[in-house]
Amino acid sequence: MNKAILEIENLTTSFRIGSTYHAAVDDVSFTVNENEIVAVVGESGCGKSALALSIMQLHNKQRTKSEGTIHYNGQNLLKLNETQMNKVRGKELGMIFQEPLTALNPLMTIGKQIEENLDYHTKLSKDEKKKRTIELLTQVGIPYPERTYKQFPHELSGGMRQRAMISIAIACNPALVIADEPTTALDVTIQAQILDLLKDIQSRTRMGIILITHDLSVVAEVADRIVVMYAGQVVETGSVKEIFNNPLHPYTRSLLNSIPSASHEKNRLHVIEGIVPSIAKMDRIGCRFQDRIPWIPRHAHEERPQLHEVAKGHFVRCTCYKEFYFQAEGDESTHDITQSR
Ligand SMILES: Nc1ncnc2c1ncn2[C@@H]1O[C@H](COP(=O)(O)OP(=O)(O)OP(=O)(O)O)[C@@H](O)[C@H]1O
């Protein structure tokens, strides 16, 4: 059994809007083990980035509150001050952002940006730093590392920029990397290459990876476990095999149904309409998904939905999954749930 690197327990992160705090991450718990890829999946607004930034402690502290625990290496990250956190961030926990052009400094060469991280966390000499930087650029598959060392971000293609950002994230051999939508801005072929690269680095370093994505098809090939988030909560979690073979929560089933495949071409995709509620308007007591599946009777939902273990390591929130089915087109059983309350 691989050892746990990061243990998140009952993490709740709330943002201040006006004078009230609203939770964007609500009582989230999961563990990332060494050499494991945990995919956090959910559509826009589910709280994935808020979760990632909570782990890295990158939220504006004046407007954000994080409660619960994030255990890393015998310490609770939420209790560290900024100086202590700076020693962990970038060294032991790396982060890859969605859009490298925004995350990288446009005025600094790639080489200098990698060396900046080494400067902060290591005592390498100038020559050693350059050697390590070239090594890193080679490792992430950049074809002319000496040339790229001297280039600025805008001189590289999207895929190469993402590789450069990965080299910054792994420069100090972190135990865990959080990749927040690392392939969304890239075309499909490059996406596959970047995911292969992360897998390849992991096979050498045994680092844990949290892969954040809205696209379940991305995780099928690379992840070990999936955490499905909806409206700030974990609604289903389990091994990739369990989730793909036996998805239960209506939201997970809807995400899986929205993956286009050859067999889907003839039949229409069963996509559930609607959007994730905003954090200020979220129902904090009932099932947060119920308004998007109004044809499911109210009694099918729990009052305060809990996570239920349905198979070893496979958890699903709310009992509504037991009565869920996709509504057929023109199904008359549709009714407005808000009317029957
Ligand atoms: N700094 C903030 N202040 C107030 N609300 C915020 C803040 N950051 C995020 N939110 C809100 O929290 C919710 C979760 O946002 P988050 O960015 O984590 O979603 P996401 O799943 O990562 O979506 P995306 O894929 O679009 O990034 C959203 O309703 C968002 O509007």
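These numbers come from a predicted model, not from an experiment.

Peer 1: Tell me about the overall build of the protein chain, and please be specific about residues and values.
Peer 2: Along the protein chain, the regular secondary structure elements total 11 helices and 12 strands. Taken over C-alpha atoms, the radius of gyration comes to 21 Å for the protein chain, in line with the 20 Å a tight globule of 341 residues would show. Each principal axis of the C-alpha atoms in the protein chain carries an extent, and together these give about 70 × 50 × 40 Å. Looking at the protein chain as a whole, 39% of its 341 residues are labelled buried. Intrachain contacts of the protein chain at a sequence separation of at least 6 include 64% that bridge at least 24 residues.

Peer 1: Tell me about helix H1 (residues 48–56), residues and numbers included.
Peer 2: Counting buried residues in H1 gives eight out of nine residues, a clear majority hidden from the surface. Considered for burial, the residues of H1 that qualify are Lys48, Ser49, Ala50, Leu51, Ala52, Leu53, Ser54 and Ile55. Phi turns positive, to about 55°, at Gln57, one or two residues after H1.

Peer 1: For the confidence of the model for the protein chain, give the residues involved together with the corresponding values.
Peer 2: Of the residues in the protein chain, 94% have a pLDDT of 70 or more, and the chain-wide mean is 91. Predicted confidence for residues 334–341 stays below pLDDT 50, and this span has 11 contacts to residues more than four positions away or in other chains. Both confidence scores are given for the complex: pTM 0.93, ipTM 0.97.

Peer 1: Describe the site of the ligand, naming the residues involved and giving the relevant values.
Peer 2: The ligand sits among 14 residues. The nearest are Phe15, Ala24, Ser44, Ser49 and Ala50. For the shell around the ligand, the elements supplying multiple residues, two or more each, are strand S1 (4–17) and H1. Ranked by residue count, the leading element in the shell around the ligand is H1, at three residues. Class assignment for the residues of the shell around the ligand results in six nonpolar, seven polar and one charged.

Peer 1: Can you tell me about the UniProt feature "domain: ABC transporter" (unreviewed entry) in the protein chain, naming the residues and giving the values?
Peer 2: As recorded in UniProt, the feature "domain: ABC transporter" (unreviewed entry) lies at residues 6–256. Taken end to end, residues 6–256 is 41% helix and 28% strand, and its first and last C-alpha atoms sit 27 Å apart.

Peer 1: Which residues make up the environment of Ala223, and what values do they have?
Peer 2: With respect to the helices and strands, Ala223 occurs in the loop between helix H9 (216–222) and strand S9 (225–230). For Ala223 and Ser239, which are 16 residues apart along the polypeptide, the C-alpha to C-alpha distance reads 8.5 Å. Excluding residues within four positions of it along the chain, Ala223 makes contact with Ile37, Val38, Ala39, Leu211 and Val240.

Peer 1: I'd love a proper account of the pairing of strand S2 (residues 20–33), names of residues and values included.
Peer 2: Examined bridge by bridge, S1 and S2 share 10 bridges and lie antiparallel to one another. If you follow Phe15 over to S2, its bridge partner there is His22. Counting the residues between successive antiparallel strands, the hairpin from S1 to S2 contains two residues, one of them, Gly18, with a positive phi of roughly 65°.

Peer 1: Go over the sheet that holds strand S8 (residues 208–213) with me, naming the residues and quoting the values.
Peer 2: In space, the eight strands of this open sheet follow the order S6-S7-S8-S3-S9-S10-S12-S11, with mixed pairing throughout. In the strand order of this sheet, the two ends are held by strand S6 (93–96) and strand S11 (307–311), each with one partner. Averaged over neighbouring strand pairs, the angle between their axes works out to 20° when direction is ignored. Along the sheet face, H1 touches strand S3 (37–41), S6, strand S7 (176–180), S8 and S9 and points at about 150° away from the line of S7. Strands in contact with helix H7 (residues 158–170) are S6 and S7; relative to S6, the strand with the most contacts, it is inclined by about 170°.

Peer 1: Quick one: what's the story with the sheet that holds strand S5 (residues 75–76), residue by residue and with numbers?
Peer 2: The antiparallel open sheet is built from four strands, whose spatial order is S2-S1-S4-S5. The sheet is open, and its two edges are formed by S2 and S5, each paired on a single side. Contacts from H1 reach S1, S2 and strand S4 (64–72), with the element oriented near 75° to S2.

Peer 1: Explain the packing of helix H4 (residues 110–121) against helix H5 (residues 126–139) to me, using residue names and the numbers behind them.
Peer 2: Close contact between H4 and H5 brings their axes to 10 Å; oriented N to C, the two are set at 115°. Judged by the twist between their axes, the crossing of H4 over H5 is right-handed. Every residue of H5 that contacts H4 at Gly111, Ile114, Glu115 and Leu118 is listed here: Lys129, Arg132, Thr133 and Leu136. Class assignment for the residues of the contact of H4 with H5 results in three nonpolar, two polar and three charged.

Peer 1: Got a sec to walk through the pairing of S4? Specific residues and values, please.
Peer 2: Here S1 pairs with S4 via eight bridges, running antiparallel. Pairing of Ile8 across the sheet is with Ile70, part of S4. Looking at chain direction, S4 and S5 are connected through two bridges and run antiparallel. For His71, the partnering residue across the bridge sits in S5 and is Asn76. Between the antiparallel neighbours S4 and S5 lie two residues, among them Asn73 with a positive phi of about 50°.

How each quantity is defined
- Residues numbered from 1 in each chain as written.
- Predicted model: local features only at pLDDT ≥ 70, side-chain atom pairs only at ≥ 80, totals over all residues.
- Helix = DSSP H or I, 4+ residues; strand = E, 2+ residues; numbered from the N terminus.
- Rg over C-alpha atoms; globule rule 2.2 N^0.38 Å.
- Buried ≥ 20, exposed ≤ 12 C-beta atoms within 10 Å, placed from the backbone.
- Contact = placed C-beta atoms within 7 Å.
- pLDDT = per-residue confidence, 0-100.
- Near = placed C-beta within 6 Å.
- Nonpolar A, V, L, I, M, F, W, Y, C, P; charged D, E, K, R; others polar.
- UniProt positions renumbered as here; feature names shortened; annotations may be inferred.
- Pairing = 2+ DSSP bridges.
- Axes fitted to C-alpha atoms, helices over the stretch in contact; angles between N-to-C directions.
- Left-handed = near helix turned anticlockwise from the far one by under 90°.

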